[in-house]
Amino acid sequence: MSDVNRPTLGPLMSLICFHSLRQGAEDNAGRALVVAAGRQRGQELVDALSLRGFSQDPEAIRQKLDAALGVDGTRLCLVQSVEAKADGSYEIHITEGACCAGVSSDEPYCAFTLGAFIGAMSAITDRRMLGHESVCSAMGATECVYQIAPLD
Amino acid sequence: MAMSRQDQIAAVLDRLASSAGNDVSGVAAVSMDGIVLVSKMSADVNADRMGAVAATMMGVTRRVVGELKIGATEETIIKADNGLFMVLPAGDQSLLAVNLRQGANLGLVRIEARDAAKAIGLVL
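The structure contained in this document is the topic of the report that follows. (Residues numbered from 1 in each chain as written. Chains lettered and ligands numbered in written order. Predicted model: local features only at pLDDT ≥ 70, side-chain atom pairs only at ≥ 80, totals over all residues.)

## Brief notes about the overall build of chain A
Okay, so step 1: Assigned secondary structure in chain A consists of four helices and four strands.
Okay, so step 2: Counting from the amino terminus, chain A carries its helices and strands in the arrangement α-α-α-β-β-α-β-β.
Okay, so step 3: On C-alpha atoms alone, chain A measures out to a radius of gyration of 15 Å, which is about the 15 Å that the 2.2 N^0.38 rule sets for 152 residues.
Okay, so step 4: If you line up chain A on its principal axes, its C-alpha atoms span 45 × 40 × 30 Å.
Okay, so step 5: When the 152 residues of chain A are sorted by exposure, 39% land in the buried category.
Okay, so step 6: Pairs at least 24 residues apart make up 53% of the contacts formed inside chain A by residues separated by at least 6 positions. (Helix = DSSP H or I, 4+ residues; strand = E, 2+ residues; numbered from the N terminus. Rg over C-alpha atoms; globule rule 2.2 N^0.38 Å. Buried ≥ 20, exposed ≤ 12 C-beta atoms within 10 Å, placed from the backbone. Contact = placed C-beta atoms within 7 Å.)

## Looking at the overall build of chain B
Okay, so step 1: The helix and strand inventory of chain B stands at three helices and five strands.
Okay, so step 2: Reading chain B from its N end, one meets helices and strands in the order α-β-β-α-β-β-β-α.
Okay, so step 3: At 14 Å, chain B has a C-alpha radius of gyration in line with the 14 Å of a compact globule built from 124 residues.
Okay, so step 4: Along the first, second and third principal axes, the C-alpha set of chain B runs to 45 × 30 × 25 Å.
Okay, so step 5: Relative to its 124 residues, chain B shows a buried fraction of 42%.

## Here's the deal with the packing of helix α2 (residues 31-48) of chain A against helix α2 (residues 47-68) of chain B
Okay, so step 1: Axis separation between α2(A) and α2(B) bottoms out at 7 Å; the angle between their running directions is 155 degrees. One element, α2(A), and the other, α2(B), form an angle in the roughly antiparallel class. Note on element contacts: α2(B) touches α2(A) through A52(B), A55(B), T56(B) and G59(B), opposite R31(A), A32(A), L33(A) and A36(A).
Okay, so step 2: Considering only residue class, the contact of α2(A) with α2(B) consists of five nonpolar, two polar and one charged. (Axes fitted to C-alpha atoms, helices over the stretch in contact; angles between N-to-C directions. Parallel < 35°, antiparallel > 145°, perpendicular 65-115°, else oblique. Nonpolar A, V, L, I, M, F, W, Y, C, P; charged D, E, K, R; others polar.)

## A closer look at helix α1 (residues 5-20) of chain B
A turn of α-helix holds 3.6 residues, and therefore any two residues three or four places apart point the same way.
All names here are of chain B.
Okay, so step 1: Taking 1.5 Å per residue, 16 residues should reach 22 Å; α1 reaches 23 Å between its end C-alpha atoms and fits that length.
Okay, so step 2: I9, V12, L13, L16 and A20 are the residues of α1 that are buried. Along the axis of α1, the buried positions cluster into a sector of 95 degrees, meaning they face one direction only.
Okay, so step 3: In this fold, the buried residues of α1 make contact with β1 (24-31), β2 (36-39) and α3 (106-123). (Expected span 1.5 Å × (residues − 1). Arc of directions from axis to C-beta.)

## Section: the sheet that holds β1(B)
All names here are of chain B.
Okay, so step 1: Ordered by their spatial adjacency, five strands build an open sheet running β2-β1-β5-β4-β3, and the pairing between neighbours is antiparallel. What marks the edges here is a single partner per strand, and that holds for β2 and β3 (76-80). On average, adjacent strands in this sheet sit at an angle of 15 degrees to one another, irrespective of strand direction.
Okay, so step 2: By the bridge criterion, three bridges tie β1 to β2 in an arrangement that is antiparallel. By the bridge assignment for β2, A29 is matched with V38.
Okay, so step 3: Relative to β1, α1 is tilted by about 155 degrees, and along the sheet it contacts β1 and β2. (Pairing = 2+ DSSP bridges.)

## Describing the interface of chain A and chain B
Okay, so step 1: Contacts between the two partners involve twelve residues from chain A, matched on the other side by 17 residues from chain B.
Okay, so step 2: Listed by contribution, the elements that provide at least two residues to the side of chain A that touches chain B are α1 (15-29) and α2 of chain A.
Okay, so step 3: A per-class count over the side of chain A that touches chain B returns seven nonpolar, two polar and three charged.

## A few points about unusual backbone geometry
Okay, so step 1: In this structure, N5(A) takes a positive phi of about 55 degrees despite not being glycine.
Okay, so step 2: Here N5(A) shows up in the segment before α1.
Okay, so step 3: Its identity is not glycine, yet K69(B) carries a phi of approximately 55 degrees, on the positive side.

## Side note on the packing of α1(B) against α3(B)
Residue and element names in this part refer to chain B.
Okay, so step 1: Direction vectors running N to C along α1 and α3 enclose 170 degrees, while the axes themselves pass 10 Å from each other. On the basis of their axis angle, the class for α1 and α3 is roughly antiparallel. Contacts between α1 and α3 involve R5, Q8, I9, V12, R15, L16, S19 and A20 from the former and V109, E112, A113, A116, A119, I120 and V123 from the latter.
Okay, so step 2: Among the residues forming the contact of α1 with α3, the class breakdown is ten nonpolar, two polar and three charged.

## Considerations on the sheet that holds strand β3 (residues 129-135) of chain A
Residues and elements named next belong to chain A.
Okay, so step 1: With respect to topology, four strands assemble into an open sheet ordered β1-β2-β4-β3, the strand pairing being antiparallel. Looking along the sheet, the strands with just one partner apiece sit at the ends: β1 (78-84) and β3. The average undirected angle you get between the axes of adjacent strands in this sheet is 20 degrees.
Okay, so step 2: Strand direction decides the pairing type here: β3 and strand β4 (residues 144-150), joined by six bridges, are antiparallel. What sits directly across from H132, in β4, is Q147.
Okay, so step 3: Of the strands in this sheet, β2 (90-95), β3 and β4 are in contact with helix α4 (residues 112-125), which crosses β3 at around 140 degrees.

Below, the structure is given as structure tokens:
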């Protein structure tokens, strides 16, 4: 994707189109399709950044992911913190996530972004991970929080 | 020492594969988001991809069922000329995916698979 062949428009597009794609896919095929796409993106990102087996230092992981996904990257979100817990799980705080930009929901709404972090953390740690969103800005919070934990 | 959830699910999948005999070539438990919890698929199957596809199959099926107003989804089956692929809900949190060989006794496997799905649902 490094050569996007868009000399005028460049590599970025509007959230309006992103939301249409996400909503259309989810309406017709369910949320799993969107989460799976995010997971694949997260794994590919880790490969592109050569982060497989990377330092388990959460702040180093945060910096790498924020550089790739944040204001100087693809602008999926701003990665505010990555916290490693004793049981091998991670709590990730993001703001300005693309999934819930301009969205109001009565339940957690991130799917692609959540999937991206599940895929990324699975690839970094080389462990199969499950994830859910415990706080979502689409529900009025100031940030989105993902709980990503290894299977057993 | 108590068995982990993964071990318990693996035991359920092993029982299903064993009771179905030669009819089943692979089984897996998958989260509703398409993440493989335990896979007993053959080595030539990309388990990650299969999990995502199985969960998407269930998502599409649920939308079809909803649009047609024909009740609750019980299972979805794809038949190809060299086998079948079946996905059914396993509780609220997961799915059971079953790969059947060509000529399998579908009726028998469906009964066994429903029991296995129920058992997986109780683990999670």
